[in-house]
Amino acid sequence: MTMIVSERSSSANVQSVGERISGTTLGNALSVRCPKCLESMGTLDALDSSCRLSCKQCDFMFLNAQGIWRTLAPDREEHFRQFAREYQAIRAFEGRGSSSADFYLKLPYEDLTGRNRWQWKIRARSYQFFEDKILAQLELQHPEGLDVLDVGAGNCWMSYRLALRGHRPVAIDLLDNGEDGLGAARHYFAYLGKPFARFQAEMDRLPFGESQFDVAVFNASIHYSEDYLRTLREVLRSLRRPGAVIILDSPFYERDESGRQMVEARHAEFQKRFCFRSNSIPSREYLTRDALNTLASACNLDWHALRPWYGMGWALRPLKARLLGRREPSKFYAFWAKVV
């Protein structure tokens with residue numbers, strides 16, 4: 001049965017965390033599978049950079065470079081090549097990185113560059129809401145810590161925050177660069193007892209066996225999926241039971257037309273500014289109630305839609321849009337599905 005409910009929190013008192021903690025004592029072994037032929041490849045020590053695994057079926061090899069496991073099949077690297085090049089160009093222009101470790105350690109609560117302060121303010125409220133309303137409940141069920149799959153981890157700030165709380169995140173992303181991709185995680189490791197695992201991988205072909213994680217989090221990332229159902233099924237395959245899927249900070253619209261108008265406006269702006277539309281892969285780029293309900297029905301899930309409080313100005317955006325005759329503005333809900 002599909003169910004979407006809403007809840008509003010009061011504004012959280014957001015504080016930064018910078019204390020050193022000792023690492024967890026649990027193992028680092030992951031059951032992995034070949035992203036090329038999908039055959040099992042056995043067990044990998046995800047924190048042992050000298051480890052090597054080769055697929056007996058097709059000879060695809062897991063290689064570790066600078067602490068990041070490279071698990072994109074050659075044809076998929078080619079598929080994403082233009083997207084990655086254009087995406088990184090846009091992100092660099094927007095100032096999505098820094099040479100200072102302090103920049104990364106403060107995220108999501110502060111943007112020391114000042115370039116994207118309004119967006120990080122949203123991210124901070126979303127993350128604090130996630131900690132208070134969702135993660136706290138999951139931690140009661142898993143006092144030994146959670147195995148968390150951080151899907152589309154970017155510069156890994158969420159994996160860092162989760163590791164500070166004693167959890168065991170595994171970060172995956174297409175990008176491995178040192179400013180906005182998995183390589184930026186190097187800034188966090190001096191503040192952790194041990195590093196967390198990082199995999200250059202795609203969300204539709206996870207390099208993991210079944211039942212590896214307690215929770216999967218899409219942190220401002222699921223809207224980059226080309227096929228929501230395929231992506232969700234792949235993540236569900238990797239979860240233990242009971243488990244949980246969390247979606248944060250992906251644009252949500254009640255009307256599909258509003259989302260399509262947003263996408264067209266973004267692509268037109270990219271064309272004007274960068275001379276490309278940044279649409280080399282058919283990412284969905286937004287969520288709707290109908291899309292979530294379709295996923296719920298196909299995967300036997302109940303989505304709980306929780307509403308973080310971003311301030312009165314944000315709350316009044318839909319009313320202002322109606323009065324001015326503009327399209328529906330995006331919303332950022334926290335979607336939580338318990339997997340049994």
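Worth saying up front: this structure is predicted, and the values here are computed from it rather than measured.

Taken together, the 10 strands give an open sheet; going across it, the order is β3-β4-β5-β8-β7-β6-β9-β10-β14-β13, and neighbouring strands pair in mixed fashion. Each end of this open sheet is capped by a strand with a single partner; those strands are β3 (53-54) and β13 (303-306). Bridge count between strand β6 (residues 147-151) and strand β7 (residues 168-173): 5 bridges; the pairing is parallel. Bridged to D150 within β7 is A171. Contacting β9 (213-219), β10 (239-248), β13 and β14 (334-339), helix α3 (residues 117-141) runs over the sheet at an angle of about 10 degrees to β14.

Tallying each qualifying case throughout the model produces 22 salt bridges. Across the pair R289 and E254 runs a salt bridge, and its minimum N-O distance is 2.8 Å. Placement of the pair is R289 in helix α7 (residues 289-299) and E254 in the loop between β11 (252-253) and α6 (256-274), with a sequence separation of 35 residues. Exposure remark for R289: the relative accessible area of 30% places this residue in the partly exposed category. On the accessibility criterion, E254 (35% relative accessible area) is partly exposed. Measuring nitrogen to oxygen at the nearest pair gives 2.8 Å for the salt bridge that ties E257 to R260. Taken as a pair, E257 and R260 lie in helix α6 at a separation of 3 residues, close to a single helical turn. By relative accessible area, E257 is classed as partly exposed at 29%. Residue R260 is classed as partly exposed on the basis of its relative accessible area, which comes to 45%.

The final tally for this structure, using the stated rule, is 0 disulfides. Summary of cysteine pairing: C34 is not part of a disulfide, and the nearest cysteine sulfur, belonging to C58, is at 3.5 Å.

Turning our eyes to something else, we now look at the pairing of β7. Every regular strand shows the same layout, with side chains that alternate between the two sheet faces. Taking burial as the measure, the 6 residues of β7 include 6 buried ones, the bulk of the element. On β7, burial covers both faces: R168, V170 and I172 on one face and P169, A171 and D173 on the other are all buried. On the question of chirality, the crossover connecting β6 to the parallel β7 by way of helix α4 (residues 157-164) is right-handed. Strand direction decides the pairing type here: β7 and strand β8 (residues 197-200), joined by 4 bridges, are parallel. Residue pairing in the sheet places V170 in a bridge with A197 of β8.

On to the side chain of Q200. Examined against the element boundaries, Q200 turns out to sit in strand β8. A polar contact is formed between the side chain of Q200 and the backbone oxygen of L174, at a distance of 2.9 Å. The residues touching Q200, leaving out its near neighbours within four places in the chain, are I68, W69, R70, T71, L72, D173, L174, D176 and L182.

Turning next to the packing of α3 against α4. Axis separation between α3 and α4 bottoms out at 13 Å; the angle between their running directions is 35 degrees. The two elements α3 and α4 meet at a crossing, and its hand is right-handed. Between α3, through W120, Y127, F130 and L135, and α4, the contact on the second element is made entirely by W157, M158, R161 and L162. Looking at the contact of α3 with α4 residue by residue, the classes come out as 7 nonpolar, no polar and 1 charged.

We now examine the nonpolar core. F62, L149, F199, F208, V245, W303 and F335 are the most contacted members of the largest nonpolar core, which has 46 residues in total. Grouped together as the second largest cluster of nonpolar side chains are 40 residues, W157, Y188, F196 and A334 included.

The next point concerns the packing of aromatic side chains. Within the structure shown, the criterion is met by 22 aromatic pairs. Between F270 and F274 the ring centres are 6.0 Å apart and the planes differ by 45 degrees, which places this aromatic pair in the tilted class. One end of the pair, F270, and the other, F274, are both in helix α6, 4 residues apart, so they sit about a helical turn from each other. Residue F270 shares its accessibility class with F274, and that shared class is buried.

Right, let's get into α4. Among the 8 residues in α4, 8 count as buried, and that is most of the element. Listing the buried residues of α4 in full gives W157, M158, S159, Y160, R161, L162, A163 and L164. Contact partners of the buried residues in α4: α2 (101-106), α3, β6, β7, β9 and β10. Following α4 by one or two positions, G166 has its phi on the positive side, about 95 degrees.

With that out of the way, let us pick up the confidence of the model for the protein. The predicted model of the protein averages 92 in pLDDT, with 92% of residues at 70 or higher. In the predicted structure, residues 1-26 sits below a pLDDT of 50 and forms 69 contacts with residues beyond four places in sequence or in another chain.

Rules used throughout
- Residues numbered from 1 in each chain as written.
- Predicted model: local features only at pLDDT ≥ 70, side-chain atom pairs only at ≥ 80, totals over all residues.
- Heavy atoms only, no water.
- Pairing = 2+ DSSP bridges.
- Helix = DSSP H or I, 4+ residues; strand = E, 2+ residues; numbered from the N terminus.
- Contact = heavy atoms within 4.5 Å.
- Axes fitted to C-alpha atoms, helices over the stretch in contact; angles between N-to-C directions.
- Salt bridge = Lys/Arg side-chain N within 4 Å of Asp/Glu carboxyl O.
- Buried < 20%, exposed > 50% of the residue type's maximum accessible area, 1.4 Å probe, protein only.
- Disulfide = S-S within 2.5 Å.
- Right-handed = clockwise from strand over helix to strand, strands pointing away.
- Polar contact = N/O pair within 3.5 Å; in protein donor to acceptor, adjacent residues only side chain to side chain.
- Left-handed = near helix turned anticlockwise from the far one by under 90°.
- Nonpolar A, V, L, I, M, F, W, Y, C, P; charged D, E, K, R; others polar.
- Core = buried A, V, L, I, M, F, W, Y, C linked by side-chain atoms within 4.5 Å.
- Phe/Tyr/Trp six-rings, centres within 6.5 Å; stacked < 30°, edge-to-face > 60°.
- pLDDT = per-residue confidence, 0-100.

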